[in-house]
Amino acid sequence: MQRRTVLSIAAAVPAAALVAPGTAQAGGKRSVTTIDLPPGWQPEGIAIGDRPVAYFGSRVDGSLYRASLRTGEGEVFSRGPGTPSLGLKIDDRDRLFVSGGTGGDARVVDAQSGRVLKSYRLATGTAFINDVVLTGDGAWFTDSYNPVLYRLSLGRRGSLPAAATALPLTGITFTPGGVNTNGITLTPDRRALLVVHSPTGVLYRVDTRTGTATPVDLGGETLVNGDGLLLEGRTLYAVQNRLNQVAVVRLARDGSSGRVVTRVTDPSFDVPATVASYGDRLWFPNARFTTPPTPETTYTAVSIRKP
């Protein structure tokens, strides 16, 4: 995920005007493979749960959009706070965990009503809260500007905490003012976290007790421009945004090593940022980082069959 110029558009446009149809006829039995997002939306994160519904955040003002994977039809269902919404994840209680980018915050949103259930101040200085992963008992957020992970520790019944906690990272060199750590996910054995360092393409395994980050042995391969990460079993899908491709990595159970099985691109890719899965398809929002954003710029989410 990359920092982009923010345009104040969505707050000034009625929600009905931002509803966008997909590329297939509404009511058709076949699912769509592309979803048109509202003009000027500037998407980055995507979340898909158990139902055929995708959720997208806007880098413009943090508003949230949901669309049917069956028809492509969607709506803006939650107005943003005026700062970006980047990485998204949805839990089994229909709650969206949202990374707040330069706002330095995170929030939890009801995926049905759009109501903000709780907001968290994660950083007080310059920050870029980029991506999030759910671990069952908590949510972990990356900060691309600072060597730290933030955690929301969930109660036994999924209750939200009063505040987040910070875990300082060691073992990763951060360049001031630039995007460093980006996507985040679990190791296959769920005992540690994986984060990708975008500029170098190094994938790190992070000990959640100590914050120690150790490079994952990929046999000399790197994930340069690494962005969103998605783990399914022992297969890791790593989006390489400006390269317009996704790397498919087979990991060891503890996540300490792996090998790049293949790299996939598609003509529909236009700087994909993150990735989510539904059925036999992977879904990507086209962030179009190389296209100057305007209120009329078109954006899509596209899908491919799983490699």
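All of the points below concern the structure found in this document. This one's a predicted model, so the numbers in the text were calculated from it and none came from an experiment.

Rules behind the numbers
Residues numbered from 1 in each chain as written. Predicted model: local features only at pLDDT ≥ 70, side-chain atom pairs only at ≥ 80, totals over all residues. Heavy atoms only, no water. Salt bridge = Lys/Arg side-chain N within 4 Å of Asp/Glu carboxyl O. Helix = DSSP H or I, 4+ residues; strand = E, 2+ residues; numbered from the N terminus. Buried < 20%, exposed > 50% of the residue type's maximum accessible area, 1.4 Å probe, protein only. Core = buried A, V, L, I, M, F, W, Y, C linked by side-chain atoms within 4.5 Å. Contact = heavy atoms within 4.5 Å. Patch = residues over 30% accessible without salt bridge, like charges linked within 9 Å, V, L, I, M, F, W, Y side chains within 5 Å. Areas by Shrake-Rupley, 256 points an atom, 1.4 Å probe, with all protein chains shown as cover. Lys, Arg positive; Asp, Glu negative; His and termini not counted. Charge placed at Lys NZ, Arg CZ, Asp CG, Glu CD.

### Overview of the pattern of salt bridges
Taken as a whole and assessed by the stated rule, the structure comprises 12 salt bridges. In this structure, Asp-137 and Arg-151 form a salt bridge, with 3.4 Å as the shortest nitrogen-oxygen distance. Of the two residues, Asp-137 is situated in the loop between strand S10 (129–134) and strand S11 (138–143) and Arg-151 in strand S12 (residues 148–153); the sequence distance between them amounts to 14 residues. A residue is classified by how much of its surface remains accessible, and Arg-151, at 22% relative accessible area, is partly exposed. Here Arg-288 makes a salt bridge to Asp-270, at a shortest N to O gap of 2.8 Å. Here Asp-270 lies in the loop between strand S21 (258–264) and strand S22 (276–278) and Arg-288 lies in the loop between strand S23 (281–285) and strand S24 (299–305), a separation of 18 residues in the sequence. Its relative accessible area of 23% is what places Asp-270 among the partly exposed residues.

### Regarding the nonpolar core
Core analysis: the biggest nonpolar cluster contains 16 residues, and Ile-35, Leu-37, Ile-46, Ile-48, Phe-56, Tyr-65 and Trp-283 have the highest contact counts within it. Within the residue set of this core, elements represented by two or more residues are strand S1 (34–37), strand S2 (43–48), strand S3 (53–58), strand S4 (64–68) and S24. In contact with Ile-46, other than residues within four places in its own chain, are Ala-54, Tyr-55, Phe-56, Leu-88, Thr-274, Val-275, Ala-276, Trp-283 and Pro-285. If you look at the next biggest cluster of nonpolar residues, it comprises 15 residues, including Ala-106, Val-108, Tyr-120 and Ala-139.

### A word on a positive patch on the surface
Taken together, Arg-191, Arg-234, Arg-250, Arg-253 and Arg-259 make up a surface patch of like positive charges. For Arg-259, the location among the structural elements is in strand S21.

Just geometry here; none of it tells us what the structure is for.
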